[in-house]
Amino acid sequence: MSDTETLKAELLAQVEAAADLQTLEDIRVSALGKKGAITAQMKNLGGLEPEERKAAGQALNALKGEVAKAIDAKKIGLEDAALNAKLADERIDVTLPTRPEDNGFIHPISQTIEEVVAILGEMGFEVAEGPEIEDDWYNFTALNIPDDHPARQEHDTFYLPGEGEKGRKVLRTHTSPVQIRTLLDSKPPVRIIAPGRTYRCDYDATHSPMFHQVEGLVVDKTTHMGHLKGCLIDFCRAYFGVDDLPVRFRPSYFPFTEPSAEVDIGCSRAGGEFKIGHGEDWLEILGCGMVNPKVLENCGIDSSEYQGFAFGVGVERIAMLKYGIPDLRTFYESDLRWLRHYGFSALDVPSMVGGLNS
Amino acid sequence: MKFTLSWLKDHLDTDATLEQVSERLTMLGLEVEGIEDRAAGLEDFLVGEVLTAEKHPDADKLQVLTVSNGTDTMQVVCGAPNARKGLKGVFGGDGMYVPGIDFTLKPAKIRGVESNGMMLSEREMGLSDEHTGIVELDSDAEVGARAVDVMGLNDPIIEIAITPNRGDCLGVRGIARDLAASGLGTLKPAGIKAIEGVFDSPIDVKLDFPAGAEDACSQFAGRLIRGVKNGPSPKWMQERLLAIGLRPISALVDITNYSTMDFGRPLHVFDADKVKGNITARLAKQGEKLLALDEKEYELDDTMCVIADDEKAEAIAGVMGGLESGCTEDTVNVFIESAIFDPVRTAVTGRKLNLQSDARYRFERGIDNDFAVDGCENATRLIMELCGGEPSNTIVAGDGPKWQRSITFRPSRVKALTGVEVAEDEMERIISVLGFGVDKLGADTWDVAVPAWRGDMVDEPCVVEEIIRVNGYHNIPHVSMERLDPLPHPSLNPTMRKRRGVRRTLAGRGLIEAVTYSFLPSDHAELFAGPNGVPDSIRLSNPISTDLDVMRPSLLPNLLAAVGRNDAHGHPNGNLFEVGPQFAGDDLKDQSLVAAGVRAGQAVDRNWMGTARAVDAFDAKADAIAALDAAGAPTANLQVFPSEDANTPGGPAWYHPGRSGTLRLGPKTILANFGEVHPGTLKKMGVKGPVVAFEVFLDNLPKQKEKKSQARPLVKMSAFQPVERDFAFLVDAGVEAAAIMRAAANADKKLISDVRLFDVYEGQGVADGQKSVAIQVVLQPYEQTLKDEDLEKVSQGVVASVNKATGGELRG
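In short, a report on the structure. (Residues numbered from 1 in each chain as written. Chains lettered and ligands numbered in written order. Predicted model: local features only at pLDDT ≥ 70, side-chain atom pairs only at ≥ 80, totals over all residues. Heavy atoms only, no water.)

## Section: the overall build of chain A
A count of helices and strands for chain A gives eleven helices and eleven strands. Here chain A has a C-alpha radius of gyration of 42 Å; the compact-globule value for 358 residues is 21 Å, and the former is much larger. Once the C-alpha set of chain A is aligned to its principal axes, its extents read approximately 130 × 50 × 45 Å. The proportion of buried residues among the 358 residues of chain A is 53%. Restricting to contacts in chain A with at least 6 residues of sequence separation, those with at least 24 account for 64%. Approximately 16,700 Å² of chain A is accessible, and the part contributed by carbon and sulfur atoms is 51%. The averaged location of the 57 negative side-chain charges in chain A is 5 Å from the averaged location of its 37 positive side-chain charges. (Helix = DSSP H or I, 4+ residues; strand = E, 2+ residues; numbered from the N terminus. Rg over C-alpha atoms; globule rule 2.2 N^0.38 Å. Buried < 20%, exposed > 50% of the residue type's maximum accessible area, 1.4 Å probe, protein only. Contact = heavy atoms within 4.5 Å. Areas by Shrake-Rupley, 256 points an atom, 1.4 Å probe, with all protein chains shown as cover. Lys, Arg positive; Asp, Glu negative; His and termini not counted. Charge placed at Lys NZ, Arg CZ, Asp CG, Glu CD.)

Right, here's the structure in full:
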């Protein structure tokens, strides 16, 4: 074995045996440093014949390369081992809980109103608003509710002491006065929905003195009761997410519409379990009809030229049905347990293209 | 309105089943609320006769009966004390199901004696709780006949809801008419014939009203029948009245009730011998008193109509008769009143007296305006049939209301208004059966005469409704709405859209949305009403309770009350918000939209990584700013007004005076309040602190303008790194942090991109009455890297600017 071969074996063995980075560095210096073994041999090359020098030089260069490569490889191995040992020491208990965070929620009433708006918005309805303390005329008279109508009695309607320009101050009993204000302020065609708070003197398991309604109104020259039926059937099916939901229109009576109808959806109560859809039963969910010509005339609209429909949906009622909320009164109690259970995520914004029902 | 199927068939000739009738009623707008088929499940039970009754050999309280069911004779062991030979009762045989005890009969041995069947009590039949003995039927009941037939149970009861416009359907005949129009049979003739009087009534009738009140009683048909014998009404009448929940009293009284339900024609009968002189329909005297049939005394006023004799009021017109002149078992001479009273006056009278009756219910919805005389004739017939006697001539005072009316109807309007195709012949048939007269004036012009019982028919759409109602709403086509444009426009205006953003931003910050009442107890309202208190204009005239008697002047009290309730449930920590109206008065401009929220208890609960932290004013401040940002307010321009400075008042009185403030755009426009809720306010509401709150006044924001372009200004991104420099200033303790930050930022508006405050220190090393405030100033060059001398220049500028604004010195 030549000297070079011997040196190589020695050095590689030393590298292989190095236990830490410092030892390895020492080996590098002793082999490749200015005073290192290989460097020393390089210096000796000058005393050789040209032929010999060339061969020996090549051998030494190869040796140098191999040793350097071995040292680099060893270094990476040692570094990895050192990092692994360090990381092993840094172990944490990942089963520990995360930092406390508060989750917020959207109330089912807000969510339901947004759902209704999302559906009807696709049909071209725009949202309109009005005051909750109304003058008698907007809430009753303009809607063809006569002075002696039972709904005006104090056991049905909340009154305030004041008088407005248009009569006694009243807490609106429906969002219908928004219809009146819209018709007074704008020209047909009109296609609006009015969501909002409404008030009636009723307080028991199924009535709340305050509740929410969405009122719809269409006035133009051609919209007829078939459109009303189409609009509401399409709405009910989209809202409840049942494509073939049975929807039934029954004659009814409201002073502000003629003809009037109540709308039922199909349901089943088989086995004590309530389910919306095909079944043997019907459930009333809203009232509607063709706008009474007197209402149009009261708003200065020529009823021989214009016609249209109106409807009113109880927000809590359809929310209770869709989301299985059993008790109306719980909507307003602000019980954190209830709100967390029935509430909706902040990012769950209803839209038709995004899908209303998960 | 309740009636039975057989009663309906008195007026309607039909083969329709109960189910068909029920379905059709609902689709006619006469919504069926319930059907009680009392015979259901009892059809198999027969009339059984006890042939023999012997004592049971081994039981004191039992008897051994032999019972005939008409075809067989069975031995039955029976425990009923009233079981006896000759009794006719209800027999259930082998294999029959007994609903009241949920049991199917089978042969058995009872105390060693064979028993084949059962004699039933009412409870066992599921009819009532009666169980003291077995049912006893009339002695003439046919043995072996169906018990339900003998007991009058085979007549199902139908209950329907009548909308306020359909007074005509408050009598069975009106309901039959609707069904007939819909093709479910034919309306039988009413069969009312004039009965000739045999003498002149000794009692005369007069209408006496001041001008303008004549329609209080526009017609009165009366008649005396002498020599009647009052007693119980016949079984068929009693059964019908009982079925619909009316207690039979005597034939004369039952006839008036029967007429009310049969024709919707309320009547009154006076005992003619108790009437002093003649009868006058007039207005009551102010304060006049009357003891009514319900045995209560009513004090009347001069707006109410009464029926009086020469001495005093004897009946409240259209509402209730008087006790004194009412008919009794001893009545021999009876005077019938069949009158027409004004709907509104009757309703107001009943309302004022708080007196409801079947008569009032019908008069206030409008009765058949052409039926007073017929009603009187019908009552005469019934009285003579049931009680005998002979009638006087009929007296008719007044002509009745002017009900004759015709409507111009265009058949083309049916399609135009409802989309339904109905043949003109069918239209004519429908309204004719409903009682309208049709006069075809032209191709599309009919003159339609309204019948006397349809006061609700006022215009053309009413007629259209009648036609499509009877034709069936299921025939209305389904026509989906078409948008005016191919793609939907936004439903929300920019303000509404921002409001939705506010709501969802707050929820995203961990607040839970609540919806609370718009009213609240006035003692809570006073705490949030400002210096002038709650204005009277927002106090309800008729609150549902004293807990809900005033409109809320702020959203906070209801949210704080909710915090208290949640705490009582064991949930002291919680973040609630609400977006809704508050009321400063009853005018349109007094209602404003507010986003308000509360955070209660611990903002951060104790946890293994850190310590617990109670909520503080900065939580509420952050919520308010986030809400304002979502609402589109220019939050960079907000000014914070702390509350302790008397010259720039901060949060209102329900906030902690030293730990609250307002966020404003300029000194006048308050966009938000925030801070700790005043401990005194919490205490008065019984809520444990700490609670912080914010109120964002969304209506005070600058109006959202529709932008012409959605394009944003070009982004400016520097090629050079920003440089940060820290400064600590010693300032007087009262100096506001915002003043220091503002001064620093103003030192070089071009170069300084941000000023961050990272430390406030008071204590050792800082003189009393002073504090050290440390800020980091971020310099962002755009044109070249900053050189040392540039940095030095800006730094000196910052120090000088802060010093000038606050007197602060660089801390050594």
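## Some remarks on the overall build of chain B
Looking only at helices and strands, one finds 20 helices and 44 strands in chain B. Computed over C-alpha atoms, the radius of gyration of chain B comes to 42 Å, more than 25% over the 28 Å expected from 2.2 N^0.38 for 812 residues, which places it beyond the range of a compact globule. In chain B, buried positions account for 51% of the 812 residues. Summed over its atoms, the accessible surface of chain B is roughly 37,600 Å², and 49% of this surface lies on carbon and sulfur atoms. Treating the 88 positive side-chain charges of chain B as one cloud and the 120 negative ones as another, the clouds have centres 8 Å apart.

## Considering the pairing of strand β39 (residues 669-677) of chain B
Residue and element names in this part refer to chain B. For β39, the tally of buried residues reaches seven of nine residues, placing the bulk of the element in the interior. As defined by bridge partners, strand β38 (residues 655-665) adjoins β39 across seven bridges and the pair is classed as antiparallel. Bridge pairing in β39 links L663 to A672. Where β38 hands over to β39, the hairpin turn is made up of three residues, of which G666 adopts a positive phi near 75°. The pairing of β39 with strand β40 (residues 691-697) spans five bridges and is antiparallel. (Pairing = 2+ DSSP bridges.)

## Structural notes on the sheet that holds strand β43 (residues 770-779) of chain B
All names here are of chain B. Across the sheet, which stays open at both edges, the four strands sit in the order β42-β43-β41-β44 with antiparallel pairing between neighbours. Each edge of the open sheet is held by one strand with a lone partner, namely β42 (752-761) and β44 (809-810). In the sheet, strand β41 (residues 723-732) pairs with β44 via two bridges, with the strands oriented antiparallel. Opposite L730, over in β44, you have E809 as the bridge partner.

## Overview of the side chain of E377 of chain B
Mapped onto the elements of the fold, E377 of chain B is located in helix α10 (residues 372-387). Contacts of E377 of chain B, omitting those with residues within four sequence positions, involve I192, K193, A194, I195, R223 and T394 of chain B.

## So, the packing of helix α8 (residues 343-353) of chain B against helix α9 (residues 358-365) of chain B
Residues and elements named next belong to chain B. Contact geometry of α8 with α9 gives a least axis separation of 7 Å together with a crossing angle of 140°. If you check the angle between α8 and α9, you find them oblique. Crossing of α8 against α9: the hand is left-handed. Taking contact as the criterion, the partners of P343, T346, A347, G350 and R351 in α8 are, on α9, R360, F363 and E364. Its residues placed into classes, the contact of α8 with α9 shows three nonpolar, two polar and three charged. (Axes fitted to C-alpha atoms, helices over the stretch in contact; angles between N-to-C directions. Parallel < 35°, antiparallel > 145°, perpendicular 65-115°, else oblique. Left-handed = near helix turned anticlockwise from the far one by under 90°. Nonpolar A, V, L, I, M, F, W, Y, C, P; charged D, E, K, R; others polar.)

## Side note on the packing of aromatic side chains
Overall, the coordinates contain 22 aromatic pairs over all chains when judged by the stated rule. Ring centres of Y199 of chain A and F519 of chain B lie 5.6 Å apart, and the angle between their planes is 65°; on these two criteria the pair is classed as edge-to-face. Of this pair, Y199 of chain A sits in strand β5 (residues 190-199) while F519 of chain B sits in strand β31 (residues 519-520), each in a different chain. With relative accessibility at 0%, the residue Y199 of chain A sits in the buried group. Seen in terms of ring centroids, F341 of chain B and F363 of chain B are 5.1 Å apart; in terms of plane orientation they differ by 65°. Their pairing is edge-to-face. You can see F341 of chain B sitting in strand β24 (residues 334-341) and its partner F363 of chain B sitting in helix α9, a full 22 residues away along the chain. (Phe/Tyr/Trp six-rings, centres within 6.5 Å; stacked < 30°, edge-to-face > 60°.)

## Observations regarding the interface of chain B and chain A
The interface of chain B with chain A comprises 92 residues on the first partner and 94 residues on the second. Approximately 7,600 Å² of surface area, both sides summed, lies buried where chain B meets chain A, with 59% of it carried by carbon and sulfur atoms. Linking chain B with chain A are six salt bridges, by the criterion used here. Of the charged contacts in the structure, one is a salt bridge between E122 of chain A and R483 of chain B, with a shortest N-O distance of 3.6 Å. Here chain B and chain A share 46 residue pairs in polar contact (both at pLDDT 80 or more) between them. Across the side of chain B that touches chain A, the residue classes break down as 43 nonpolar, 26 polar and 23 charged. (Buried area = accessible area lost by both parts, 1.4 Å probe. Salt bridge = Lys/Arg side-chain N within 4 Å of Asp/Glu carboxyl O. Polar contact = N/O pair within 3.5 Å; in protein donor to acceptor, adjacent residues only side chain to side chain.)

## A few points about unusual backbone geometry
In the segment running from P188 of chain A into P189 of chain A, the intervening peptide bond is cis, with an omega of 0°. For P189 of chain A, the location among the structural elements is in the loop between α7 (176-185) and β5. Put simply, G689 of chain B and P690 of chain B share a cis peptide bond, and its omega is -5°. Relative to the helices and strands, P690 of chain B resides in the loop between α18 (679-685) and β40. Unlike most non-glycine residues, N144 of chain A shows phi in positive territory, near 65°. Examined against the element boundaries, N144 of chain A turns out to sit in the loop between α6 (136-139) and β3 (159-164). When its relative accessible area of 22% is taken as the criterion, N144 of chain A is described as partly exposed. With a phi close to 50°, D102 of chain B is a non-glycine residue in the positive phi region. Tracing the backbone shows D102 of chain B in the loop between β8 (97-98) and β9 (103-104).

## Side note on the packing of helix α19 (residues 737-746) of chain B against helix α20 (residues 788-806) of chain B
All names here are of chain B. In contact at an axis separation of 8 Å, α19 and α20 are set at 140° when each is read in the N-to-C sense. It follows that α19 is oblique to α20 by the angle criterion. In this structure, α19 meets α20 at a crossing whose hand is right-handed. Across the interface between the two elements, A739, I740, A743 and A744 from α19 touch V798, S801, V802, A805 and T806 from α20. Split into classes, the residues belonging to the contact of α19 with α20 amount to seven nonpolar, two polar and no charged.

## Quick notes on the environment of M320 of chain B
Residue and element names in this part refer to chain B. For M320, the location among the structural elements is in strand β23 (residues 320-321). Judged by its relative accessible area of 17%, M320 falls in the buried class. In the structure, M320 is positioned 27 residues away from L293 in sequence and 6.7 Å away in space, judged by C-alpha atoms. Those residues in contact with M320, other than ones at most four positions away along the chain, are A292, L293, D294, A315, L355, Q356 and S357.

## Focus on helix α13 (residues 460-471) of chain B
All names here are of chain B. Its twelve residues place the ends of α13 17 Å apart at the C-alpha level, agreeing with the 16 Å of an ideal helix rising 1.5 Å per residue. All of the buried residues along α13 are E460, P461, C462, V463, V464, E465, E466, I467, I468, R469, V470 and N471. Of the residues one or two after α13, G472 is the one with positive phi, at around 105°. (Expected span 1.5 Å × (residues − 1).)

## Let's talk about the pairing of β43 of chain B
Walk down a regular strand and you will see the side chains alternate between the two sheet faces. Residue and element names in this part refer to chain B. Extensive coverage of β43 is indicated by the burial of nine of its ten residues. Where β41 and β43 come together, ten bridges link them in antiparallel fashion. Looking at the pairing, V723 lines up with L779 of β43. Bridging between β42 and β43 involves eight bridges; their strand directions are antiparallel. Each bridged residue has a counterpart across the sheet, and for Y761 the counterpart in β43 is S772.

Bear in mind that shape data such as this cannot, by itself, settle questions of function.
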